[in-house]
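Chain and residue survey
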Amino acid sequence: MDGARRERGHGSLSSRTRSGGVTARGVLHELLVLGAAFGVYYAVRLLVRDSGLEPLRNSLALLRLEDRLGLDWEIALQQAFWDHLRPMIHVLNFVYAWGYWLILAGSLGYLYVRRRDVYRCLRNAMIVSGLIGFLIFASFPAAPPRLAPVGIIDTVELAASVVEEVARPSSLTNQNAAMPSLHFGWVLLCSICLSMAFKRTGKALALCLPVLMGLTIIVTGNHYVIDAVAGGIVSALALIPWVLPRRREQEPYELQSV
């Protein structure tokens, strides 16, 4: 009986200490780590910009691959929104320009305060998937569908110049880094990690985030469907090394509580 109480108490203590205290030093440390990671990612991403024909050729090759796989939904999906849900396009433009960053910042901030263990999984997976993404950008530059002659409209640019400048500032954007889509991949990571921290209702809401971002990047003409698939795979694979050890550590406590 005493042993069972000690085991339950140890499991409870582990649960209580997953987040730890929030200190100014700790927050500053994480901001520096994330700032350095994002800075290196975007700096290196800009260095691999290619203004030649290769990104366009690769973009069209992706479209042909989609055609063979039956994933070439971009034109039909954008046309459906344009014909029947045009006001929603303004919402998706906003999500592309602002929502992406709000999701990332909100997820990282919430998990840092409430679930430090899950926060570390998210942070590390974003860094690793960013490195993998850079290698793909460098070896396979691909133009987004809005820049390819395939009949897809750039809805963000059509909406308003201010939105376009915020979403894709020319000085900070590599137009030929469409594959894989980390817009989708990182939002998927946020969704998975939030679902690990939330209860039922929160899990359902968290799982809606990648659906919203998937629609956003396709309807706005910024990514092919296959870009999102690749971004999701890269990001999910980058999460596995951080989640599996955490699952193994929790398993004994979960078995004891059953």
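One can find the structure itself at the top, above this paragraph.
Okay, so let's go over this structure. (Residues numbered from 1 in each chain as written. Predicted model: local features only at pLDDT ≥ 70, side-chain atom pairs only at ≥ 80, totals over all residues. Heavy atoms only, no water.)

Let's shift gears to the overall build of the protein chain. Each helix and strand counted, the protein chain has eleven helices and zero strands in total. When the elements of the protein chain are put in sequence order from the N terminus, they spell out α-α-α-α-α-α-α-α-α-α-α. Excluding contacts between residues fewer than 6 apart, the proportion of contacts in the protein chain whose partners are at least 24 apart in sequence is 86%. (Helix = DSSP H or I, 4+ residues; strand = E, 2+ residues; numbered from the N terminus. Contact = heavy atoms within 4.5 Å.)

Another aspect to go through is the packing of helix α5 (residues 86-114) against helix α10 (residues 200-219). Relative placement of two packed helices is described by the angle separating their axes and the distance separating the axes. The N-to-C vectors of α5 and α10 enclose an angle of 125 degrees; their axes lie 9 Å apart at closest approach. If you check the angle between α5 and α10, you find them oblique. Handedness of the crossing formed by α5 with α10: left-handed. In contact with Ile-89, Leu-92, Val-95, Tyr-96, Tyr-100 and Ile-103 of α5, α10 contributes Leu-209, Leu-212, Met-213, Leu-215, Thr-216, Ile-217 and Val-219. (Axes fitted to C-alpha atoms, helices over the stretch in contact; angles between N-to-C directions. Parallel < 35°, antiparallel > 145°, perpendicular 65-115°, else oblique. Left-handed = near helix turned anticlockwise from the far one by under 90°.)

Formed by 41 residues in total, the largest nonpolar core has its most connected members in Leu-111, Leu-122, Met-126 and Trp-186. Elements with a minimum of two residues in this core: α2 (24-47), α5, α6 (116-139), α9 (182-197), α10 and α11 (225-257). The greatest single-element share of this core, amounting to eleven residues, is contributed by α9. Excluding anything up to four places from it in sequence, Leu-122 contacts Ser-107, Leu-108, Leu-111, Leu-189, Cys-190 and Cys-193. (Core = buried A, V, L, I, M, F, W, Y, C linked by side-chain atoms within 4.5 Å. Buried < 20%, exposed > 50% of the residue type's maximum accessible area, 1.4 Å probe, protein only.)

Attention now goes to the packing of aromatic side chains. Applying the stated criterion across every chain yields a total of three aromatic pairs. Pairing Tyr-100 with Trp-101 gives two aromatic rings, centres 5.0 Å apart and planes at 65 degrees, and the pair type is edge-to-face. Note on Tyr-100: relative accessible area 2%, which makes it buried. Judged by its relative accessible area of 39%, Trp-101 is partly exposed. Directly above the aromatic system of Tyr-112 lies the positively charged group of Arg-116, at a separation of 3.9 Å from the ring centroid. (Phe/Tyr/Trp six-rings, centres within 6.5 Å; stacked < 30°, edge-to-face > 60°. Lys NZ or Arg CZ within 6 Å of the ring centre and 35° of its normal.)

This brings us to the pattern of salt bridges. The full count for this structure, using the stated rule, is three salt bridges. Residue Glu-30 is joined to Arg-123 by a salt bridge in which the shortest nitrogen-to-oxygen separation is 2.9 Å. Taken together, the positions of Glu-30 in helix α2 and Arg-123 in helix α6 put the pair 93 residues apart, joining distant regions of the chain. The pair formed by Glu-30 and Arg-123 is uniform in burial state, with each residue classed as buried. A salt bridge links Asp-154 to Arg-146; the nearest nitrogen and oxygen atoms lie 3.6 Å apart. For the residue pair Asp-154 and Arg-146, the accessibility class agrees, reading buried in each case. (Salt bridge = Lys/Arg side-chain N within 4 Å of Asp/Glu carboxyl O.)

So, about the side chain of Glu-30. Of the residues examined, Glu-30 reaches a relative accessible area of 11% and is grouped as buried. A distance of 2.9 Å separates a polar atom in the side chain of Glu-30 from a polar atom in the side chain of Arg-123. For Glu-30, the contacting residues outside a window of four places in its chain are Tyr-112, Tyr-119 and Arg-123. (Polar contact = N/O pair within 3.5 Å; in protein donor to acceptor, adjacent residues only side chain to side chain.)

That is the geometry; function is a separate question.
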